[in-house]
Amino acid sequence: MEPLPEVTDPRIIDGRKIAQDIEAKVKNEVEVFVKEHGTKPALATILVGEHPPSKLYVKLKHWAAKRVGIISEDHKFPHETEQEEIIGLIDTLNRRPEIHGILVQLPLPKHIDERIVMMKIAPIKDVDGFNPLNMGKMLIGSEGFVPCTPKGIIRALSEHNIDPKGMEVVVVGHSNVVGKPAAIMLLNRNATVKICHVFSKDLKSQTQKADILIVATGVRGLVKADMVKEGAIVFDVGITWQDEKVYGDVDFEDVLPKVKLISPVPGGVGPMTIAILMEHTLEAAKIQSE
Ligand code: GUN
């Protein structure tokens, strides 16, 4: 991958810098953990199929684990693998005490029910926060392991000393991975939250009201300047791959002059998501070693 240019514009959220700071802290704490317990935290990843972006994301997660001193175990399956086989592996990983975190890369092939798979991951090893117990805890305001991308958004806000309390938040996209948990986590922080999606009418009239706009649809360039409020904070969580390049959901050049802050693609929420996964794996190792 080509290196990203250094971020000098104060309006641009430097996700790579935030991620590096998180990773540096995790690396130090991993060293302490190893001294205390004589073992390293360990993450197992499960990837089913040949979806090229998923292969890349999993690779990036293993590289990050290596950087911070976390062991990572890579389980890859062909597209046609039966759901029962994946569940069998999860059962085994749940029972292995030296594995602290389990991550199933999404999306899974259509013949596998993601919700059933997520239910099978032991909640204390659910470093992605997708198990319904962890999702439910988040819903009642008792956040444990929460999905990593929304947590990255919360972290970026606090890095920029922004308290979302009372702010108008509009989330575009209602996935379980980003949209829904981002909305709940901001609601937990007393923001006024609206979730829009593919069936919402007159999207522009909604997004124009947002003090914080989170866009996670996978539609390249969906959000233009006329959809954004002057002085808004914009998180672009969309990813579209075209001709080996990655594009966000926000027309960055168009929107930049209007915003207070914006997370770019690439170099925004992506690196933060991975760093938070490392933080969660360390946390899981600590909880399981108590
Ligand atoms: N696919 C897209 N984002 C994510 C993520 O944060 N975790 C997993 N497991 N799969 C994803």
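Residues numbered from 1 in each chain as written. Predicted model: local features only at pLDDT ≥ 70, side-chain atom pairs only at ≥ 80, totals over all residues. Heavy atoms only, no water.

**Q** What should I look at first to understand the nonpolar core in this one?
**A** When a protein is soluble and globular, its nonpolar side chains tend to lie buried together. One finds Ile46, Ile214, Phe235 and Met278 to be the most contacted residues of the largest nonpolar core, which totals 72 residues. With ten residues, the top contributor of residues to this core is helix α10 (residues 269-288). Those residues in contact with isoleucine 214 that lie beyond four places of it in its chain are Ile153, Val169, Val170, Val171, Val172, Ala182, Leu186, Phe235 and Val237. (Core = buried A, V, L, I, M, F, W, Y, C linked by side-chain atoms within 4.5 Å. Buried < 20%, exposed > 50% of the residue type's maximum accessible area, 1.4 Å probe, protein only. Helix = DSSP H or I, 4+ residues; strand = E, 2+ residues; numbered from the N terminus. Contact = heavy atoms within 4.5 Å.)

**Q** What am I meant to see in the pairing of strand β5 (residues 192-196) here?
**A** For a regular strand, the rule is simple: side chains alternate between the two faces of the sheet. By the bridge criterion, five bridges tie strand β4 (residues 168-172) to β5 in an arrangement that is parallel. The partner of valine 169 across the bridge, within β5, is valine 193. As a crossover connection, the stretch from β4 through helix α7 (residues 179-188) into β5 is right-handed. (Pairing = 2+ DSSP bridges. Right-handed = clockwise from strand over helix to strand, strands pointing away.)

**Q** Explain helix α5 (residues 132-139) here, please?
**A** An α-helical segment advances 3.6 residues per turn. Residues three or four places apart therefore align on the same side. Those residues of α5 that sit buried are Asn134, Met135 and Met138. Down the axis of α5, the buried set is contained in an arc of 100°. They therefore lie on one face. In this structure, the buried side of α5 is in contact with α7. Capping the start of α5, asparagine 131 holds a side-chain oxygen 2.7 Å from the backbone nitrogen of leucine 133, two or three residues further along. (Arc of directions from axis to C-beta. Polar contact = N/O pair within 3.5 Å; in protein donor to acceptor, adjacent residues only side chain to side chain.)

**Q** Mind showing me how you'd approach the packing of helix α6 (residues 148-159) against α7 here?
**A** Viewed as axis vectors pointing N to C, α6 and α7 meet at an angle of 40°, and their least axial separation amounts to 8 Å. Taken together, the axes of α6 and α7 are oblique relative to one another. As for how α6 packs across α7, the hand of that crossing is right-handed. The residues of α7 that touch α6, namely those facing Pro150, Lys151, Ile154 and Leu157, are Pro181, Ala182, Met185 and Leu186. Split into classes, the residues belonging to the contact of α6 with α7 amount to seven nonpolar, no polar and one charged. (Axes fitted to C-alpha atoms, helices over the stretch in contact; angles between N-to-C directions. Parallel < 35°, antiparallel > 145°, perpendicular 65-115°, else oblique. Left-handed = near helix turned anticlockwise from the far one by under 90°. Nonpolar A, V, L, I, M, F, W, Y, C, P; charged D, E, K, R; others polar.)

**Q** What is the right way to read the layout of surface pockets from this model?
**A** The probe, sized like a water molecule, is rolled over the atoms to show the empty space still left. Taken as a whole, the second largest pocket spans an internal volume of roughly 450 Å³. Taken together, 21 residues line the second largest pocket, and the ones lying closest to its centre are Arg115, Phe130, Met135, Asn176 and Lys180. At the level of elements, α4 (114-120), α5 and α7 are the ones that each hand at least two residues to the lining of the second largest pocket. For the lining of the second largest pocket, the leading source of residues is α5, giving five residues. Of the residues contributing to the lining of the second largest pocket, the split by class is 13 nonpolar, four polar and four charged. (1 Å grid on protein atoms, 1.4 Å probe; cavity = no way out; pocket = protein on both sides within 12 Å on 5 of 7 lines; lining within 4 Å. Points joined across faces, edges and corners; volume = space filled by probe spheres on them.)

**Q** Explanation requested: the UniProt feature "domain: Tetrahydrofolate dehydrogenase/cyclohydrolase NAD(P)-binding" (unreviewed entry) in the protein chain in the structure shown.
**A** Mapped onto this numbering, the UniProt entry gives "domain: Tetrahydrofolate dehydrogenase/cyclohydrolase NAD(P)-binding" (unreviewed entry) at residues 147-288. The span residues 147-288 carries 36% helix and 19% strand; its end-to-end C-alpha distance comes to 19 Å. (UniProt positions renumbered as here; feature names shortened; annotations may be inferred.)

**Q** Please clarify how the UniProt feature "binding site: NADP(+)" (unreviewed entry) in the protein chain should be interpreted in this entry.
**A** UniProt annotation of "binding site: NADP(+)" (unreviewed entry) refers to Gly173, His174, Ser175 and Ile239 when read in the numbering used here. Those annotated residues from the list above that line the second largest pocket are Ser175. In this fold, serine 175 is placed in the loop between β4 and α7. The residues touching serine 175, leaving out its near neighbours within four places in the chain, are Lys180 and Pro181. At 3.0 Å, the side chain of serine 175 and the backbone nitrogen of valine 178 are in polar contact. The residue isoleucine 239 is located in the loop between β7 (233-236) and β8 (240-242) in this model. Overall, the relative accessible area of 37% leaves isoleucine 239 in the partly exposed class. Sequence-distant contacts of isoleucine 239, that is, excluding residues within four places in its chain, are made with Tyr57, Gly218, Val246, Tyr247, Asp249 and Val265.

**Q** For this particular structure, what's the right way to read the packing of aromatic side chains?
**A** Within the structure shown, the criterion is met by zero aromatic pairs. In this arrangement the basic side chain of arginine 220 is found over the ring face of tyrosine 247, its NZ or CZ atom lying 3.5 Å from the centre. (Phe/Tyr/Trp six-rings, centres within 6.5 Å; stacked < 30°, edge-to-face > 60°. Lys NZ or Arg CZ within 6 Å of the ring centre and 35° of its normal.)

**Q** Even after reading the chapter, I still don't get the site of the ligand, so can you show me in this structure?
**A** Neighbouring residues of the ligand: Lys61, Leu103, Val104, Gln105, Leu106, Asp128, Phe130 and Val177. One of the backbone nitrogen or oxygen atoms of valine 104 is found 2.8 Å away from a nitrogen atom of the ligand. Aspartate 128 has a polar side-chain atom sitting 2.5 Å from a nitrogen atom of the ligand. Among the residues making up the shell around the ligand, the classes are represented as five nonpolar, one polar and two charged. (Near = heavy atom within 4 Å.)

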